[in-house]
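These are the residues of each chain, in order.
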Amino acid sequence: MKKRAILFLAILWAFLALSGCGEKAGTEDGWYAKIHKLAVETVMEKYEDSYMIEDGTLEIVIDKIHPGSFTQEDANEVFLNCWFKGMPHIGGFDSRAGIILNADTLEVIAYKEFSDDEVMLGCPRTAKGQNRILCLSGSGSQGTRGQTISLWSVQDGRWEALPTGIADCVRYFKKDFEPFEVNENEFEVRIQNGWCYMDEIMASGHRLAVTCEYGLSNVFGQETIPPAELIAILVWDPLRERFELDSHTVQPNVQSKTP
């Protein structure tokens, strides 16, 4: 099972490399073209404003391909992170469609859209070998910068929101970083005047950095991101299936304070 997943991934990444950065996806023969065609067809079927794809306003680009077990343990599946290239601001510049496929049959198992101006998707793995899907989505405007963080499991094609643990790691320190705010409900974490960054090398969602940053400025019509102050470095705990302070990394001084 694992060998098939590795082989499948190798083939897909080979076609990704051949496609070249910035080139229109799906122009090569073989596996990648088939996967891209399937992704476009799936978005066309599921996306409410699919006419924007038909008229050429939007292009569906496969940004990343993650192999894993998303719906059950030991499943041989693939998660496609698809970018809506050309999305207008009102729809979220960096909006994505997430598609889970059976890696053997290429059957579409689950679909979900993630909309905002900056979106990152990761796939942290649990101790039982099942992947979760982490979404970091946010934007900045009118002097503020904010982000929503959500964690998802997929069962029988249904998406279920899970607690992240992130707010528990930083909530006690927000008084030291006014007007930084962090709030969590049963579905998501909302950070205001702050940001959570994912390790971009692997984009696995296993390590996160939480910062305080506010005073977003506008210079010659272009918004600039303010200096960021690091609040915490978090790591995914596969046993508890949530984020914790990374005990193997030197944390910012603020973490040494007693709540």
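Residues numbered from 1 in each chain as written. Predicted model: local features only at pLDDT ≥ 70, side-chain atom pairs only at ≥ 80, totals over all residues. Heavy atoms only, no water.

Caption draft 1: Main features of the overall build of the chain. Scanning the chain from N- to C-terminus turns up 4 helices and 16 strands. Buried positions account for 48% of the 259 residues belonging to the chain. Residue pairs at least 24 apart in sequence account for 48% of intrachain contacts in the chain once pairs closer than 6 positions are excluded. Here the chain has roughly 13,400 Å² of accessible surface; of this, 53% comes from carbon and sulfur atoms. (Helix = DSSP H or I, 4+ residues; strand = E, 2+ residues; numbered from the N terminus. Buried < 20%, exposed > 50% of the residue type's maximum accessible area, 1.4 Å probe, protein only. Contact = heavy atoms within 4.5 Å. Areas by Shrake-Rupley, 256 points an atom, 1.4 Å probe, with all protein chains shown as cover.)

Caption draft 2: Local environment of the side chain of aspartate 94. Inspection of the secondary structure puts aspartate 94 in the loop between strand S2 (77–85) and strand S3 (96–102). Among the polar contacts listed, one links the side chain of aspartate 94 to the side chain of tryptophan 83, at a separation of 3.5 Å. (Polar contact = N/O pair within 3.5 Å; in protein donor to acceptor, adjacent residues only side chain to side chain.)

Caption draft 3: Summary view of the pairing of strand S8 (residues 158–162). Of the pairings in the sheet, the one linking strand S7 (residues 144–155) to S8 comprises 5 bridges and is antiparallel in character. What sits directly across from valine 154, in S8, is tryptophan 159. (Pairing = 2+ DSSP bridges.)

Caption draft 4: The arrangement of the sheet that holds strand S1 (residues 59–68) in detail. Pairing is antiparallel in the open sheet, where 4 strands are placed in the order S1-S2-S3-S4. The strands lining the two open edges of the sheet, one partner per strand, are S1 and strand S4 (108–114). For this sheet the average axis-to-axis angle between neighbouring strands, irrespective of direction, equals 20°. Two elements, S2 and S3, share 7 bridges in a ladder whose sense is antiparallel. Across the sheet, residue leucine 80 finds its bridge partner in S3, namely isoleucine 99. Along the sheet, helix H2 (residues 31–46) makes contact with S1, S2, S3 and S4, crossing S1 at roughly 110°. (Axes fitted to C-alpha atoms, helices over the stretch in contact; angles between N-to-C directions.)

Caption draft 5: Summary view of unusual backbone geometry. Residue aspartate 74 is not a glycine yet carries a positive backbone phi of 65°. You can see aspartate 74 is positioned in the loop between S1 and S2. Of the residues examined, aspartate 74 reaches a relative accessible area of 61% and is grouped as exposed. Unlike most non-glycine residues, aspartate 156 shows phi in positive territory, near 55°. Relative to the helices and strands, aspartate 156 resides in the loop between S7 and S8. A residue is classified by how much of its surface remains accessible, and aspartate 156, at 69% relative accessible area, is exposed.

Caption draft 6: Geometry of the confidence of the model for the chain. Here the chain averages 82 in pLDDT, and 76% of its residues register 70 or above. Taken as a whole, residues 1–28 scores under 50 in pLDDT and shows 37 contacts with residues more than four places along the chain or in a different chain. (pLDDT = per-residue confidence, 0-100.)

Caption draft 7: Representation of the pattern of salt bridges in the model. Counting across every chain of the model gives 9 salt bridges. A salt bridge links aspartate 63 to arginine 96, with the shortest nitrogen-to-oxygen separation between them at 2.6 Å. Of the two residues, aspartate 63 sits in strand S1 while arginine 96 sits in strand S3, which places them 33 residues apart along the sequence. Here aspartate 63 falls in the partly exposed class, since its relative accessible area comes to 30%. For arginine 96, a relative accessible area of 7% corresponds to the buried category. Put simply, Asp63, Lys64, Asp94 and Arg96 are held in one network by salt bridges that share partners. (Salt bridge = Lys/Arg side-chain N within 4 Å of Asp/Glu carboxyl O.)

Caption draft 8: Structural view of the packing of aromatic side chains. Applying the stated rule across the entire model yields 4 aromatic pairs. Measuring from ring centre to ring centre gives 4.8 Å for tyrosine 47 and phenylalanine 84, while their planes differ by 45°; the resulting arrangement is tilted. Of this pair, tyrosine 47 sits in the loop between H2 and helix H3 (51–54) while phenylalanine 84 sits in strand S2, and the two are 37 residues apart along the sequence. Just as tyrosine 47 is buried, phenylalanine 84 falls in that class too. Ring geometry for phenylalanine 114 against tryptophan 159: centres 6.1 Å apart, planes inclined by 75°, an arrangement best described as edge-to-face. Taken together, the positions of phenylalanine 114 in strand S4 and tryptophan 159 in strand S8 put the pair 45 residues apart, joining distant regions of the chain. Since its relative accessible area comes to 17%, tryptophan 159 is described here as buried. The cationic tip of lysine 34 hangs over the ring face of tryptophan 31; the distance from NZ or CZ to the ring centre is 5.8 Å. (Phe/Tyr/Trp six-rings, centres within 6.5 Å; stacked < 30°, edge-to-face > 60°. Lys NZ or Arg CZ within 6 Å of the ring centre and 35° of its normal.)

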